[in-house]
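These are the residues of each chain, in order.
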Amino acid sequence: MKLNRKNSNDSIPVLFCFSVFARPSSVPHGAGCELLIQRFLSLYGDQLDMHRKFVVQLFAEEWGQCVDLPRGFAVGERCRVRLVPLQIQLTTLGNLTPSSTVFFCCDMHWAEGHSPPHTPRLQGARILGIPVIVTEQYPKGLGSTVQEIDLTGVKLVLPKTKFSMVLPEVEAALAEIPGVGSVVLFGVETHVCIQQTALELVGRGIEVHIVADATSSRSMMDRMFALERLARTGIIVTTSEAVLLQLVADKDHPKFKEVQNLIKASAPESGLLSKV
């Protein structure tokens, strides 16, 4: 764009367009992209989704349409700009299949004041032949996995001091399982070991399903904020019944009756519903 020589104190009319809206305003001569974005925020801030990324475009007469703002652009004459939200990557569909799923049982021991997570349903992993990896956070001081969880046939039981389950031994165990795309994660505590494990797994390209009724914290506030944060990152927050029936997928599945027996009994009150 050819710039007119004007006093730096001059204001230049600019039409700011966003979505179906167009609002006239003005900016100082020589204003660049940063100032244009600030003006967009002042005009449309209550309508912008700040979790999205945007690009500023300039109407180019020679093309008869808007083009991306040139590098180093500075306003020198009356012009029209628009703010365009970039497309957000589609969230994962969250499909689960037994052949590509692993269960992570995280530090299932709890002290007084803990609400024990509802885990018996997740014994369905054994019924469906899904590998299970178990960690125990500092068992010398905090104890081993509670007796309510049958560890018969699990792929790995590993003591740890790191909060996340993503340890070299766990990664090696995952590498031995072909085609792993999803991890069903449950245990304690939601805002510490569960959260850190989930974020590390997602960073490695693995889809994570957190079982809300089998995941606990001593504090409901910690639990709620952790689940909300994780859901915002695209991690799937779900329930034990939803997981099992998604894995079975069909009433005619040969293991359906066994899985059905696990879910016949209603899950105990999780404490989450009253907070929704």
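Here, residues in each chain are numbered from 1, in the same order as that chain's written sequence. Selection of residues for local features in this predicted model requires a pLDDT of at least 70, selection of side-chain atom pairs for listing and counting requires 80 or more, and totals for whole chains, interfaces and linings are taken over all residues. Hydrogens and water are ignored here; the side-chain numbers use all heavy atoms of the structure.

### A word on the overall build of the protein
Segments assigned H or I by DSSP are reported as helices when at least four residues long, segments assigned E as strands when at least two residues long, and all are numbered from the N terminus. What the protein contains, in helices and strands, is eight helices and eleven strands. Partly exposed residues are those whose accessible area sits between 20% and 50% of the maximum for their type, while under 20% is buried and over 50% is exposed, using a 1.4 Å probe and protein chains only. Counting all 276 residues of the protein, 41% fall into the buried class. Here a residue-residue contact requires only that any non-hydrogen atoms of the pair lie within 4.5 Å. Long-range pairs, those at least 24 residues apart, make up 70% of the contacts in the protein between residues at least 6 apart in sequence. In short, Shrake-Rupley with a 1.4 Å probe defines the accessible areas, and a residue's cover is counted only from the protein chains shown. As displayed, the protein offers around 15,600 Å² of accessible surface, 53% of which is attributable to carbon and sulfur atoms.

### A short note on the side chain of Gln57
Of note, Gln57 is situated in strand 3 (residues 54–60). In this structure the side chain of Gln57 is engaged in a polar contact, spanning 2.9 Å, whose partner is the side chain of Asp68. We call two N or O atoms a polar contact when they sit within 3.5 Å, provided that within protein one can donate a hydrogen and the other can accept it, with sequence-adjacent residues counted only if both atoms are side-chain atoms. In this structure the side chain of Gln57 is engaged in a polar contact, spanning 2.7 Å, whose partner is the side chain of Arg82. In contact with Gln57, other than residues within four places in its own chain, are Cys66, Val67, Asp68, Leu69, Arg80, Val81, Arg82 and Val84.

### With respect to the pattern of salt bridges
Just to be clear on terms, a salt bridge is a Lys or Arg side-chain nitrogen sitting within 4 Å of an Asp or Glu carboxyl oxygen. This model, assessed by the stated rule, comprises eleven salt bridges. Here Glu241 ties to Arg121 by a salt bridge, and the two come within 3.8 Å at their closest N and O atoms. Of this pair, Glu241 sits in helix 7 (residues 240–248) while Arg121 sits in the loop between strand 6 (101–106) and helix 2 (124–127); the two residues are 120 residues apart in sequence, bridging distant segments of the chain. Judged by relative accessible area, which is 33%, Glu241 ranks as partly exposed. According to the relative accessible area criterion, Arg121 is buried, its value standing at 5%. Among the salt bridges present, the one from Asp150 reaches Arg126, with a minimum N-O distance of 3.8 Å. Pair noted here: Asp150 is in the loop between helix 3 (139–142) and strand 8 (156–160) and Arg126 is in helix 2, with a separation of 24 residues, a long-range link. Owing to a relative accessible area of 39%, Arg126 belongs among the partly exposed residues under this scheme.

### Comments concerning the pairing of strand 8
Only one face of strand 8 is buried: it carries Leu156, Leu158 and Lys160, and the other face, with Val157 and Pro159, is open. When strand 7 (residues 132–137) meets strand 8, the two strands line up parallel, connected through five bridges. Considered in strand 8, the bridge of Val134 is made with Val157. A pair of strands is labelled paired if DSSP reports no fewer than 2 bridges between them.

### Looking at the sheet that holds strand 5 (residues 79–85)
Spatially, the five strands line up as an open sheet ordered 2-1-5-3-4, and their pairing is mixed. Each edge of the open sheet carries a strand with a single partner, namely strand 2 (21–28) and strand 4 (65–68). Strand-to-strand twist of the sheet, defined as the mean angle between neighbouring strand axes without regard to direction, takes the value 35 degrees. Here strand 3 runs beside strand 5; their pairing, made up of five bridges, is antiparallel. By the bridge assignment for strand 5, Val56 is matched with Leu83. Helix 1 (residues 33–44) rests against strand 1 (11–18), strand 2, strand 3 and strand 5 of the sheet, and its axis sits at about 135 degrees to strand 2. The axes used here are C-alpha line fits, helices contributing only the stretch in contact, and every angle between their N-to-C directions lies in the interval 0 to 180 degrees.

### Quick look at the packing of helix 7 against helix 8 (residues 256–263)
Running from N to C, helix 7 and helix 8 cross one another at 175 degrees; their axes reach a closest spacing of 11 Å. With respect to helix 8, the axis of helix 7 lies roughly antiparallel. From helix 7, Glu241, Leu244, Leu245 and Val248 reach across to helix 8, where they touch Phe256, Val259, Leu262 and Ile263. Any angle between 65 and 115 degrees counts as roughly perpendicular, while under 35 counts as roughly parallel, over 145 as roughly antiparallel, and the rest as oblique.

### Some words on the environment of Phe16
Of note, Phe16 is situated in strand 1. Phe16 sits 63 residues away from Cys79 along the chain, and the two C-alpha atoms are 9.0 Å apart.

### Re the sheet that holds strand 7
Across the sheet, which stays open at both edges, the six strands sit in the order 8-7-6-9-10-11 with parallel pairing between neighbours. The open sheet has two edge strands with one neighbour each: strand 8 and strand 11 (236–238). Here the strands of the sheet are splayed against their neighbours by 20 degrees on average, with no regard to which way each runs. Docked against the sheet, helix 5 (residues 190–203) engages strand 6, strand 7, strand 8, strand 9 (182–188) and strand 10 (207–216), running at close to 165 degrees with respect to strand 9.

### Thoughts on the packing of aromatic side chains
Between the rings of Phe, Tyr and Trp (Trp by its six-membered ring), a pair exists once the centres lie within 6.5 Å; its type follows the angle of the planes, with under 30 degrees stacked, over 60 edge-to-face, and the other angles tilted. According to the stated counting rule, one finds six aromatic pairs in the structure shown. Among the aromatic residues, ring-to-ring pairing joins Phe16, Phe18, Phe21, Phe40, Tyr44 and Phe54 into one connected group. It is Arg80 that lies over the ring of Phe59; its NZ or CZ is 4.1 Å from the centre. Cation placement over rings: the criterion is NZ of Lys or CZ of Arg within 6 Å of the ring centroid and within 35° of the ring normal.

### Some details on unusual backbone geometry
Following Val188, the chain continues into Glu189 via a peptide bond in cis, with omega recorded as -15 degrees. Mapped onto the secondary structure, Glu189 falls in the loop between strand 9 and helix 5. If you check the backbone angles, Ala249 has positive phi at about 75 degrees while not being a glycine. Take Ala249: it is sitting in the loop between helix 7 and helix 8.

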